Structure formats: structure tokens, C-alpha cells
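# Summary of the model geometry
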Amino acid sequence: MHYFEYKKGELYCERVPIRRIAQEVGTPFYLYSYRTLVRHFKVFDEAFEKVPHLVCYSMKANSNLAILRLFVTLGAGMDIVSGGELYRALKAGADPQKIVFSGVGKRTDEMEDALKSGILMFNVESSMELQTLNEVAGRLGIKAPISIRVNPDIDAKTHPYITTGMKQNKFGIDILRAPKAYRLASELPNLEVVGIDCHLGSQLVDVEPFVEALKKLKALVEDLRKEGMEIHYLDLGGGLGITYNDEEPPHPYEYASNVLDEIQRFNCTLILEPGRVIVGNAGILVTQVLYTKENEEKRFVIVDAAMNDLVRPSYYGSFHQILPVQMDTREEIVADVVGPICESADFLAKGRKIPKPNPGELFAVMSAGAYGFSMSTNYNSRPRVAEVMVRDDEIHVIRQREDYEDLVRGESIPDFLIHP
Ligand SMILES: *Cc1c(COP(=O)(O)O)cnc(C)c1O
């Protein structure tokens with residue numbers, strides 16, 4: 001469900017023709033629909049209204065300040081994975097008491113910043129991290145609230161690069177070793193055990209792995225409670241998938257009802273860390289066709305967006321629908337849609353059936369709101385593209401297109417090279 005729709009053959013975002021935005025900001029650009037973002041967040045949040053819960057938006061999916069601010073106004077907390085994300089979250093006005101800090105490699109300066117801002121909890125991923133956090137907290141005279149990220153060894157049946165809850169993954173503490181880690185945590189003087197956490201992976205299209213994980217976590221919580229530990233929060237992580245092509249992920253209501261069946265009367269505040277499911281289909285990447293060419297084997301459509309702007313196809317082999325902004329009846333071709341970057345991995349689609357493109361026309365790369373801009377780089381010295389939010393009939397540039405000055409910011413040439 002989203003608000004990118006054709007009206008009389010022309011693709012709109014809410015009430016604005018996409019063509020008009022391209023005229024104003026140039027191409028390529030990311031485009032987000034305010035109404036879709038609000039809807040997705042609310043649907044997800046309301047699905048859990050029967051139990052005490054907190055939705056901590058996983059901001060690595062899309063960390064633009066305007067988008068964070070929008071979720072903050074809807075009552076969201078934030079799931080952060082770095083000091084930079086803490087900085088962004090606070091800048092967007094997030095309540096520190098709604099921030100959870102995940103990640104296998106937190107540095108001491110990042111721990112310090114998070115402790116000083118008074119975040120809700122650290123999701124700790126190793127015994128060494130417990131020790132380090134204890135030291136940092138002791139130095140500051142603050143007690144650090146912690147959950148342990150448990151690795152339940154469950155196959156999330158998603159792309160190997162985005163599964164995180166199996167033994168071979170670097171994430172969390174093996175569920176069999178978790179009780180020992182909890183004992184350690186409760187003995188360390190500057191830590192306070194408050195919860196339990198897991199995260200299975202991303203783009204899950206089935207509820208079973210979630211339910212299975214929840215069962216394992218509940219059993220562990222019961223053991224921990226018997227040992228006198230207080231578990232107030234159960235964090236189920238993120239990972240609910242979306243439709244890119246023909247996937248049929250569970251609706252948030254279905255996901256929630258399965259989770260609620262397990263969690264009711266368990267006396268925990270449920271924490272959820274959705275990313276993709278909130279922003280994925282609320283954003284698109286708009287690009288312009290530059291050239292077409294063909295050889296005996298293949299046709300290529302060369303567009304002005306590239307793997308540095310949207311890396312998912314190159315990185316995970318991901319599918320993104322590609323739609324013409326101007327829809328009409330014309331011949332279709334099968335082609336690779338590629339960018340200008342000097343890498344054969346630079347493609348947005350392979351062997352894709354699309355309307356025969358006209359040079360200069362606009363294409364919309366759909367479902368690009370999550371892990372799109374946030375994974376973009378400056379490779380090939382390409383300035384990062386603009387980000388635009390449409391709200392009804394208003395166009396808001398929420399991130400300027402970078403310029404060449406931005407590309408060299410912070411670089412310097414040592415004196416010995418200036419006068420060799
Ligand atoms: C990436 C991540 C999420 C969000 O995953 P989505 O698939 O975008 O919902 C949540 N929690 C943690 C710990 C993550 O690393």
C-alpha cells in the first residue's frame with residue numbers, strides 16, 4: 001500500500017506529478033511520500049495496541065532527519081547502531097528513553113555518549129562488551145541498562161547477507177550461552193539487566209521464524225526469572241519483509257497477532273525494531289534514461305542513477321520494479337538497466353521487460369525507501385542525490401543534492417605535495 005499512482009498515464013506521488021519534481025530538482029533523486037510513511041508507521045504501531053509496546057524505528061533503513069522527525073512526532077523510539085545514529089536521533093528530537101542501541105561493535109566513546117544521553121537500553125552482543133560497558137558506566141557513575149541480544153539459531157530463510165540469527169552469524173550471544181552472560185551481567189556492579197533481545201534478519205516473508213524465536217526467548221526468560229533476574233522488556237527486533245516483486249509477506253496485523261498470542265500475559269513491554277516494512281515502499285528512486293544500446297546478445301538501457309545511489313541490486317541481487325513515469329502503450333523490450341559506473345556490477349535490473357525507453361524519459365525505481373539512500377556512497381565521485389518528501393501537493397527537499405565541493409570536503413594536500 002502506497003501513494004505512488006498513475007493518473008491518466010502519469011505517475012504521481014500523492015497529488016504531485018513526479019515529472020514536475022524532476023523539473024525542479026533534477027535527476028536522480030529519492031522521493032518519499034509523507035502519507036505513506038505515516039500510514040505504514042501507524043498500521044504497524046496500532047497492530048500491537050493490545051499490549052504495552054514500543055516501536056523503535058530501525059534508523060539504518062533510512063536516517064534522513066525529516067523522516068526521523070516524522071516518526072518521532074508519531075511517538076516512535078529509535079533503534080540505533082552507532083554514535084552517528086544517536087546524534088541524528090537526538091537531532092530529530094527523539095526521546096532518549098525510547099532509544100535502544102544495537103550492534104556488535106560499540107566503541108567506548110559511543111557507549112559514553114549513549115549513557116550520558118540516558119538511552120533506554122543497550123542491546124549487548126558479547127561478554128566482552130558487557131565488561132567494557134560496565135567499565136565505561138562505572139567511570140561515569142551511571143548504571144547502564146542492558147538487554148542481551150540472544151542468537152536463537154533460527155533460519156530466517158532470507159538472503160544469506162541479511163540473516164543474522166543463526167550460529168554462523170556474528171550477531172548476539174548463542175542462546176545456550178546466554179544464561180551465563182546474564183549471570184555475568186547481574187554480577188557486574190554498573191549494569192542493570194532490564195530485558196532480552198533478538199533480531200533474526202531482514203526481509204522475512206514468513207511469521208514462523210518470529211514465533212519460533214519468541215518461544216525460545218520466553219523459555220529463557222522464565223529460567224532467568226527463576227534466578228531472580230528482572231526482565232521488563234522483550235525486544236523482538238525487526239525484519240518483517242515487504243513486496244518488491246511477488247513476495248507475499250504477512251501483513252503487520254498478521255505478524256502482530258501471531259506475536260501477541262505468544263506474548264500476552266507475559267508481563268513484558270514488547271519492543272519492535274521495524275525498518276524496511278515502514279519505509280521500503282514509501283520511497284522511490286527517480287532516474288532519467290540517458291542512452292540505449294545493444295549488441296548481438298543484449299540490450300542495455302543506461303540511466304543516470306547507479307549502484308552508488310542504490311546498491312541493493314548489485315549487492316544482494318535484489319529486485320526493484322522499474323516503471324515509466326509516463327505510461328503509454330508502446331513496444332516492450334527486454335534489457336539490462338544499468339548506471340554510468342565503471343563496474344559490471346552496476347545495474348538496477350537485469351533481463352527486465354520494460355517499455356522501449358525514449359532518451360530523456362523518467363523511470364521510477366520502486367520500493368527504494370529502505371536501504372536506498374542510507375547505503376549510498378560517492379563512488380566514482382558521484383555526488384549523493386537529492387531527497388524529496390511530498391506531502392499532499394507540497395514538495396519538500398529534505399536533503400540537497402551534494403555538489404563537487406561536498407566531494408572533497410575534509411580532504412587536504414600536504415605541503416610537501418603542494419611545492420614538490
Ligand atoms: C537492521 C536491523 C533492524 C531492522 O531490520 P528491517 O529488516 O529493516 O526491519 C532491526 N534491528 C536490528 C538490530 C537491525 O540490525
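In this text the structure is predicted, and so the values were computed from the model without any measurement.

Below, the discussion takes up the site of the ligand. Neighbouring the ligand are 14 residues, the closest being Lys60, Ser202, Glu273, Arg276 and Tyr371. Between the ligand and histidine 199 there is a distance of 3.4 Å, counted from a nitrogen atom to a side-chain nitrogen or oxygen. Judged by the fraction of its atoms near the pocket grid, the ligand is located in the largest pocket. The residue makeup of the shell around the ligand, split by class, is two nonpolar, seven polar and five charged.

The subject of this paragraph is the nonpolar core. Ranked by internal contacts, the top residues of the largest apolar core, which has 105 residues, are Phe48, Tyr57, Phe71, Met78, Phe122, Ile146 and Tyr255. Broken down by element, this core gets its largest block of residues, seven residues, from helix α8 (residues 208-226). Filtering out sequence-adjacent residues up to four positions away, tyrosine 255 remains in contact with Phe44, Phe48, Val207, Phe210, Leu236, Gly237, Leu240, Pro250 and Leu272. Counting residues in each nonpolar core, the second largest holds 20 residues, with Phe4, Leu11, Val16 and Ile21 among its members.

Here the focus is the pattern of salt bridges. All told, the structure shown has 20 salt bridges when counted by the stated rule. In this structure, glutamate 402 and arginine 399 form a salt bridge, with 3.3 Å as the shortest nitrogen-oxygen distance. For arginine 409, the salt bridge goes to aspartate 406, with nearest N and O atoms at 2.6 Å. Assessed through its relative accessible area of 26%, aspartate 406 is described here as partly exposed. When salt bridges that share partners are traced, they join Glu112, Lys116 and Arg139 into one network.

This part is about the environment of phenylalanine 363. With respect to the element layout, phenylalanine 363 can be found in strand β19 (residues 362-365). What makes phenylalanine 363 buried here is its relative accessible area of 1%. Every residue in contact with phenylalanine 363, bar those within four places of it in the chain, is listed here: Leu285, Val286, Thr287, Val289, Val301, Ile322, Leu323, Pro324, Val325, Ile354, Pro355 and Pro357.

For the largest pocket, the calculated volume is near 740 Å³. Together, 34 residues line the largest pocket, and Lys60, Val81, Thr164, Phe171 and Tyr371 are the ones closest to its centre. Its residues assigned to classes, the lining of the largest pocket comprises 11 nonpolar, 14 polar and nine charged. Both domain 1 (4-31 + 280-408) and domain 2 (103-272) contribute no fewer than three residues apiece to the lining of the largest pocket. Each pocket or cavity is described by its volume, and for the second largest pocket that value is around 430 Å³. Lining the second largest pocket we find 20 residues, and of these Met1, His40, Ile242, Pro252 and Asn281 sit closest to its centre. Sort the elements by how many residues they give to the lining of the second largest pocket and helix α2 (residues 34-47) lands first, with three residues. Of the residues contributing to the lining of the second largest pocket, the split by class is 10 nonpolar, nine polar and one charged.

Attention shifts here to the side chain of serine 102. One can find serine 102 in the loop between β7 (99-101) and α5 (108-117). In this structure the side chain of serine 102 is engaged in a polar contact, spanning 2.8 Å, whose partner is the side chain of aspartate 79. Among the polar contacts listed, one links the side chain of serine 102 to the side chain of asparagine 123, at a separation of 3.3 Å. Contacts of serine 102, omitting those with residues within four sequence positions, involve Asp79, Ile80, Val81, Asn123, Glu125 and Glu273.

Calculation notes
- Residues numbered from 1 in each chain as written.
- Predicted model: local features only at pLDDT ≥ 70, side-chain atom pairs only at ≥ 80, totals over all residues.
- Heavy atoms only, no water.
- Near = heavy atom within 4 Å.
- Polar contact = N/O pair within 3.5 Å; in protein donor to acceptor, adjacent residues only side chain to side chain.
- 1 Å grid on protein atoms, 1.4 Å probe; cavity = no way out; pocket = protein on both sides within 12 Å on 5 of 7 lines; lining within 4 Å.
- Sits in = over half its atoms within 2 Å of the grid points.
- Nonpolar A, V, L, I, M, F, W, Y, C, P; charged D, E, K, R; others polar.
- Core = buried A, V, L, I, M, F, W, Y, C linked by side-chain atoms within 4.5 Å.
- Buried < 20%, exposed > 50% of the residue type's maximum accessible area, 1.4 Å probe, protein only.
- Helix = DSSP H or I, 4+ residues; strand = E, 2+ residues; numbered from the N terminus.
- Contact = heavy atoms within 4.5 Å.
- Salt bridge = Lys/Arg side-chain N within 4 Å of Asp/Glu carboxyl O.
- Points joined across faces, edges and corners; volume = space filled by probe spheres on them.
- Domains from an automatic or database assignment.

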